[in-house]
Amino acid sequence: MKKIISILVALVVLMSLMSCTTVSPLAATSNPVGEKVGHASATYLFGFIPLTFNANHGIQKAAKDGNITEISTVDVKETWYVLWTDVSTVVTGK
């Protein structure tokens, strides 16, 4: 019985360390690609319950973070873990 419990605990630990990440282009404009990059992120439990009071990973927040006034590209990066999901918006521009 102890061996089965040990194996189950080891599996849960290994599953919590596994992740899958995707990066999707959300938008592109005709503006030239600048050197500035802005990030905005949020973490969700089970993929839809926000873990922070003001979960905001929007384009406007990312542009403000990078001090960007002319947006060139917008990408969304999602990393799924077993119990939670990290969502990050990346904005580039001038």
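Before reading on, note that the structure itself is shown above.
Since the structure is predicted, the reported quantities are computational estimates derived from the model, not experimental observations. (Residues numbered from 1 in each chain as written. Predicted model: local features only at pLDDT ≥ 70, side-chain atom pairs only at ≥ 80, totals over all residues. Heavy atoms only, no water.)

Caption draft 1: Representation of the overall build of the chain. Tallying secondary structure elements over the chain gives two helices and five strands in all. Listed N to C, the secondary structure of the chain is α-β-β-β-α-β-β in terms of helices and strands. Relative to the globule expectation of 12 Å for 94 residues, the C-alpha radius of gyration of the chain, 18 Å, shows a markedly less compact shape. Oriented by its inertia axes, the alpha-carbon framework of the chain measures out at about 65 × 25 × 15 Å. Considering only residue pairs separated by 6 or more positions, the chain has 69% of its internal contacts joining residues 24 or more positions apart. Accessible surface for the chain amounts to roughly 6,800 Å². Of this, 65% is attributable to carbon and sulfur atoms. Side-chain charges of the chain comprise 7 positive and 6 negative groups, with the mean position of each set lying 12 Å from the other. (Helix = DSSP H or I, 4+ residues; strand = E, 2+ residues; numbered from the N terminus. Rg over C-alpha atoms; globule rule 2.2 N^0.38 Å. Contact = heavy atoms within 4.5 Å. Areas by Shrake-Rupley, 256 points an atom, 1.4 Å probe, with all protein chains shown as cover. Lys, Arg positive; Asp, Glu negative; His and termini not counted. Charge placed at Lys NZ, Arg CZ, Asp CG, Glu CD.)

Caption draft 2: Spatial organisation of the sheet that holds strand β3 (residues 49–50). Spatially, the five strands line up as an open sheet ordered β1-β4-β5-β2-β3, and their pairing is antiparallel. The outermost strands of the open sheet, each flanked by one partner alone, are β1 (20–28) and β3. The pairing of strand β2 (residues 36–45) with β3 spans two bridges and is antiparallel. Note on β3: the bridge partner recorded for Y44 is P50. (Pairing = 2+ DSSP bridges.)

Caption draft 3: Summary view of the pairing of strand β5 (residues 84–93). With respect to burial, β5 is a largely interior element, eight of its 10 residues being buried. For β2 and β5, the ladder comprises 10 bridges, and the chain directions are antiparallel. Paired with A42 across the bridge in β5 is V87. Strand direction decides the pairing type here: strand β4 (residues 71–80) and β5, joined by nine bridges, are antiparallel. Bridge pairing in β5 places W80 opposite T85. Hairpin remark: β4 followed by β5, antiparallel, with three residues in the connecting loop. (Buried < 20%, exposed > 50% of the residue type's maximum accessible area, 1.4 Å probe, protein only.)

Caption draft 4: Expanded view of the nonpolar core. Formed by A40, A62, A63, I68, V74 and V91, the largest nonpolar core amounts to six residues. Once you skip the residues sitting within four places of it in the chain, V74 turns out to touch S24, P25, L26, A27, I59, T89, V90 and V91. (Core = buried A, V, L, I, M, F, W, Y, C linked by side-chain atoms within 4.5 Å.)

Caption draft 5: Region of the structure containing the side chain of T79. As for its position among the elements, T79 is in strand β4. Among the polar contacts made by the side chain of T79, one reaches the side chain of T21 at a distance of 3.2 Å. With residues near it in sequence (within four places) discarded, T79 still touches S19, C20, T21, W84, T85 and D86. (Polar contact = N/O pair within 3.5 Å; in protein donor to acceptor, adjacent residues only side chain to side chain.)

Caption draft 6: How the structure looks around a nonpolar patch on the surface. Judged by side-chain polarity, M1, I4, I5, I7, L8, V9, L11, V13, L14 and L17 come together as a nonpolar surface patch covering roughly 1,000 Å² of accessible area. Assignment of secondary structure puts L11 in helix α1 (residues 2–17). (Patch = residues over 30% accessible without salt bridge, like charges linked within 9 Å, V, L, I, M, F, W, Y side chains within 5 Å. Salt bridge = Lys/Arg side-chain N within 4 Å of Asp/Glu carboxyl O.)

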